[in-house]
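Coordinate analysis (summary)
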Amino acid sequence: MKKETSKLLWIKSSLLALDFIFVLSGVGLVCVGGSVALELVDVAVVVREVTSHAAVVLALVGGIVFFLSVFGCIAVIGENNSMIKGFTVIMCITFTVEIGVGLFAYFHRGLVHSNMVNLYLKTLRRYSTERRIKISVDRLQKKFECCGAMDYTDWFNTTVGKAVPDSCCIKEKPQCGSVVQSHAKDNIHVQASIVVL
């Protein structure tokens, strides 16, 4: 009987420790989702269709994990077998879905990349006509020291012409992006924006 009691105590302690880890990860996901949403507002404007809901989904998943973990803690502390079994089934389903989503994202990463490039290129074409896009693209290129979707030549097919915005310049000054051809690598950030996103 004593051996069985110590075994149950060990199982209960392990479940509580696991639940505590899930609670922390849930809170962490909510915090990361919120900070990503606040930090990368300009990215969401530039590639709106791809990133607009990513931070919200991250925070939502964190909230779900948090509440499921609290449910698990209550089940373990209350020693309610049906609640523990329900918690175990829900966590197994959650884990399986996470693995599936991760595999899906891994195998479709090329499609996601090409969609982001296409959306970014469409956004660059609207740079001169939409003020919010201009501000966001400039902030993004300054912050991440990048230029264009794949490289600075992406700007040549936009309304900017055979120049780049001043936000592409390593040392930004008025009209620094207008002289690109002769010494681009000395004056212009050559890293792709998509790479840093």
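Above this text sits the structure in question.
Given the structure is predicted, the values throughout are model-derived calculations rather than measurements.

A short note on the layout of surface pockets
The space that makes up the second largest pocket amounts to roughly 280 Å³. Lining the second largest pocket are Thr5, Leu8, Leu9, Ile11, Lys12, Leu15, Val76, Glu79, Asn81, Ile84 and Lys85. Where the lining of the second largest pocket is concerned, the elements lending two or more residues are helix 1 (2–39) and helix 5 (81–107). Looking at the lining of the second largest pocket residue by residue, the class counts come to 6 nonpolar, 2 polar and 3 charged.

Thoughts on the side chain of Ser167
Note that Ser167 resides in the loop between helix 7 (131–144) and helix 8 (184–187). Overall, the relative accessible area of 3% leaves Ser167 in the buried class. A polar side-chain atom of Ser167 sits 2.8 Å from a polar atom in the side chain of Gln141. Look past the residues within four positions of Ser167 in its chain and what remains in contact with it is Asp138, Gln141, Lys142, Glu172 and His189.

Remarks on the packing of helix 6 (residues 109–125) against helix 7
It is the contact of helix 6 with helix 7, at a shortest axis distance of 10 Å, that shows an interaxial angle of 120°. Taken together, the axis directions place helix 6 and helix 7 in an arrangement best described as oblique. Note that helix 6 runs across helix 7; the crossing there is left-handed. Across the interface between the two elements, Tyr120, Thr123 and Leu124 of helix 6 pack against Ile133, Val137, Leu140 and Gln141 of helix 7. Across the contact of helix 6 with helix 7, the residue classes break down as 5 nonpolar, 2 polar and no charged.

Let's talk about the pattern of salt bridges
Considering all chains together, one arrives at 3 salt bridges under this definition. As a salt-bridge pair, Lys142 and Glu172 come within 3.7 Å of each other at their nearest N and O atoms. A residue pair is termed long-range when its members are at least 10 positions apart, and Lys142 in helix 7 and Glu172 in the loop between helix 7 and helix 8 qualify at 30 residues. What makes Glu172 partly exposed here is its relative accessible area of 42%.

Side note on a nonpolar patch on the surface
On the surface, a cluster of nonpolar side chains totalling about 570 Å² of accessible area is made up of Phe95, Ile99, Leu103, Tyr106 and Phe107. As for its position among the elements, Leu103 is in helix 5.

Structural notes on the state of the cysteines
For the structure on display, the rule yields 2 disulfides. The disulfide partner of Cys147 is Cys168, and the S-S distance across this bridge is 2.1 Å. Disulfide Cys147-Cys168: torsion about the S-S bond near 85°, hence right-handed. Of this pair, Cys147 sits in the loop between helix 7 and helix 8 while Cys168 sits in the loop between helix 7 and helix 8, and the two are 21 residues apart along the sequence.

Comments concerning the nonpolar core
Formed by 20 residues in total, the largest nonpolar core has its most connected members in Tyr120, Val137, Cys147, Tyr152, Trp155, Val164 and Ile188. Within the residue set of this core, elements represented by two or more residues are helix 6 and helix 7. Considering every element that reaches this core, the biggest residue donor is helix 6, with 4 residues. In contact with Ile188, other than residues within four places in its own chain, are Cys147, Tyr152, Val164, Cys168, Cys169, Ile170 and Val180.

A look at the packing of aromatic side chains
For the coordinates displayed, the defined rule picks out 3 aromatic pairs. Both rings, one in Tyr127 and one in Trp155, keep their centres 4.8 Å apart while their planes meet at 75°; by these two values the pair is edge-to-face. Of this pair, Tyr127 sits in the loop between helix 6 and helix 7 while Trp155 sits in the loop between helix 7 and helix 8, and the two are 28 residues apart along the sequence. In terms of burial, Tyr127 and Trp155 fall into one category: buried. With 6.0 Å between their ring centres and 80° between their planes, Tyr152 and Phe156 make a pair best called edge-to-face. As far as burial versus exposure is concerned, Tyr152 and Phe156 are alike and both buried.

Conventions used here
- Residues numbered from 1 in each chain as written.
- Predicted model: local features only at pLDDT ≥ 70, side-chain atom pairs only at ≥ 80, totals over all residues.
- Heavy atoms only, no water.
- 1 Å grid on protein atoms, 1.4 Å probe; cavity = no way out; pocket = protein on both sides within 12 Å on 5 of 7 lines; lining within 4 Å.
- Points joined across faces, edges and corners; volume = space filled by probe spheres on them.
- Helix = DSSP H or I, 4+ residues; strand = E, 2+ residues; numbered from the N terminus.
- Nonpolar A, V, L, I, M, F, W, Y, C, P; charged D, E, K, R; others polar.
- Buried < 20%, exposed > 50% of the residue type's maximum accessible area, 1.4 Å probe, protein only.
- Polar contact = N/O pair within 3.5 Å; in protein donor to acceptor, adjacent residues only side chain to side chain.
- Contact = heavy atoms within 4.5 Å.
- Axes fitted to C-alpha atoms, helices over the stretch in contact; angles between N-to-C directions.
- Parallel < 35°, antiparallel > 145°, perpendicular 65-115°, else oblique.
- Left-handed = near helix turned anticlockwise from the far one by under 90°.
- Salt bridge = Lys/Arg side-chain N within 4 Å of Asp/Glu carboxyl O.
- Patch = residues over 30% accessible without salt bridge, like charges linked within 9 Å, V, L, I, M, F, W, Y side chains within 5 Å.
- Areas by Shrake-Rupley, 256 points an atom, 1.4 Å probe, with all protein chains shown as cover.
- Disulfide = S-S within 2.5 Å.
- Core = buried A, V, L, I, M, F, W, Y, C linked by side-chain atoms within 4.5 Å.
- Phe/Tyr/Trp six-rings, centres within 6.5 Å; stacked < 30°, edge-to-face > 60°.

As far as function goes, none of this settles anything; it's purely spatial.
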